[in-house]
Amino acid sequence: MPGMTVNGRPVEFLMAPETPLLWALRDAANLTGTKYGCGEGDCGACMVHVDGEALRSCLITIAEAEGRFVTTIEGLSRDRSHPVQQAMVAEQAIQCGFCTPGIVMAAAALLRDNASPSQEEIEAAIPNLCRCGVYPRLIRAVERAARVARRRETISAAPAPGISAEDAAREVPAITVPEE
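Residues numbered from 1 in each chain as written. Predicted model: local features only at pLDDT ≥ 70, side-chain atom pairs only at ≥ 80, totals over all residues. Heavy atoms only, no water.

A. Local environment of unusual backbone geometry. The residue Asp51 is not glycine, and still its phi comes out positive at about 50°. Note on placement: Asp51 falls in the loop between strand 3 (47-50) and strand 4 (53-56). Given a relative accessible area of 44%, Asp51 falls into the partly exposed group. One non-glycine residue, Gln92, lies in the positive phi region at around 55°. The topology assignment puts Gln92 in the loop between helix 3 (83-90) and helix 4 (100-113). (Helix = DSSP H or I, 4+ residues; strand = E, 2+ residues; numbered from the N terminus. Buried < 20%, exposed > 50% of the residue type's maximum accessible area, 1.4 Å probe, protein only.)

Put into structure tokens, the structure is as follows:
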């Protein structure tokens with residue numbers, strides 16, 4: 001039974017050791033923010049942090065992850081307050097959202113290691129594929145997240161998940177609550 005720490009909690013998966021980490025996270029741990037895209041490591045939709053390094057979870061088995069620390073998009077920031085998450089929303093760098101968790105995880109790892117990356121460094125660190133083509137906005141979002149992380153800028157954030165529609169409308173006047 002391969003065991004590891006996932007989002008700060010010790011877990012053991014009752015699955016074959018050669019099972020890709022992606023399927024253990026999605027099917028056994030119900031952490032569905034990690035997406036299945038290609039299954040071959042090309043798209044980056046399944047990106048997670050393993051011991052702090054951004055890795056494609058479709059390419060690492062649970063046996064290879066044994067004893068390691070795994071962070072998924074759900075564990076990055078429970079209230080979506082991570083600078084990358086906030087900047088992705090603020091820069092409208094999200095279209096369909098399928099690739100977004102993997103992109104956020106790659107960008108978060110980059111900014112942890114490089115507080116002020118160049119455009120070229122961002123492009124190299126985030127090889128994720130996005131069918132919607134948000135790349136120019138993605139670059140701006142990562143640059144903005146870097147400024148936020150360095151406390152050079154703040155983002156007026158969207159309300160945290162789980163807030164009522166009425167409370168959200170009070171916090172963010174652009175949100176309207178439909179009349180019944």
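B. Inspection of helix 3 at higher detail. The set of residues buried in helix 3 consists of Val84, Gln85, Gln86, Ala87 and Met88. Just beyond helix 3, the residue with positive phi is Gln92, at close to 55°.

C. Broad picture of the pairing of strand 2 (residues 9-12). Judged from the four bridges that link them, strand 1 (residues 3-6) and strand 2 form a sheet pairing that is antiparallel. Within strand 2, the residue paired with Met4 across the bridge is Val11. Count of turn residues in the strand 1/strand 2 antiparallel hairpin: two residues, of which Asn7 carries a positive phi of about 50°. (Pairing = 2+ DSSP bridges.)

D. Focus on the nonpolar core. Residues Val84, Met88, Ile126, Leu138 and Val142 are the most contacted members of the largest nonpolar core, which totals 28 residues. When contributions to this core are tallied by element, the ones reaching two or more residues are helix 2 (73-76), helix 3, helix 4 and helix 6 (135-149). The leading source of residues in this core is helix 4, at eight residues. Among the nonpolar cores identified, the runner-up in size contains 13 residues, and Val6, Phe13, Leu25 and Ala65 belong to it. (Core = buried A, V, L, I, M, F, W, Y, C linked by side-chain atoms within 4.5 Å.)

E. View of the environment of Glu153. By secondary structure assignment, the location of Glu153 is in the loop between helix 6 and helix 7 (165-171). If we ignore the near neighbours within four places in the chain, the residues touching Glu153 are Arg144, Arg147 and Val148. In terms of polar contacts, Glu153 uses its side chain to reach the side chain of Arg147, at 2.6 Å. (Contact = heavy atoms within 4.5 Å. Polar contact = N/O pair within 3.5 Å; in protein donor to acceptor, adjacent residues only side chain to side chain.)

F. Molecular detail of the side chain of Thr72. Looking at the element boundaries, Thr72 is found in the loop between strand 5 (69-71) and helix 2. Among the polar contacts made by the side chain of Thr72, one reaches the side chain of Glu74 at a distance of 2.7 Å. Residues within four places of Thr72 in sequence aside, it is in contact with Val6, Asn7, Leu25, Leu31, Thr34, Val48 and Met105.

G. Structural view of the sheet that holds strand 3. Judged by pairing direction, the sheet is mixed, and its five strands sit side by side in the order 2-1-5-3-4 without closing on themselves. Both edges of this open sheet fall to strand 2 and strand 4, since each of them pairs with a single strand only. Geometrically, the sheet is characterised by an average inter-axis angle of 40° between neighbouring strands, direction not taken into account. Packing of helix 1 (residues 21-28) onto the sheet brings it into contact with strand 1, strand 3 and strand 5, and relative to strand 3 it is tilted by some 100°. (Axes fitted to C-alpha atoms, helices over the stretch in contact; angles between N-to-C directions.)

H. Seen up close, helix 4. In a regular helix each residue adds 1.5 Å, so 14 residues correspond to 20 Å; helix 4 covers 20 Å between its end C-alpha atoms and thus fits that length. When you tally the buried positions in helix 4, you get 12 out of 14 residues, the bulk of the element. If you check which residues of helix 4 are buried, you get Thr100, Pro101, Gly102, Ile103, Val104, Met105, Ala106, Ala107, Ala108, Ala109, Leu110 and Leu111. (Expected span 1.5 Å × (residues − 1).)

I. Fine view of the packing of aromatic side chains. Inspection of every chain in the model, using the stated rule, returns one aromatic pair. Judged by centre distance (5.1 Å) and plane angle (35°), the ring pair of Trp23 and Tyr36 falls under tilted. Placement of Trp23 in helix 1 and of Tyr36 in the loop between helix 1 and strand 3 is noted, with a sequence separation of 13 residues between them. (Phe/Tyr/Trp six-rings, centres within 6.5 Å; stacked < 30°, edge-to-face > 60°.)

Don't take any of this as a statement about function, it's just geometry.
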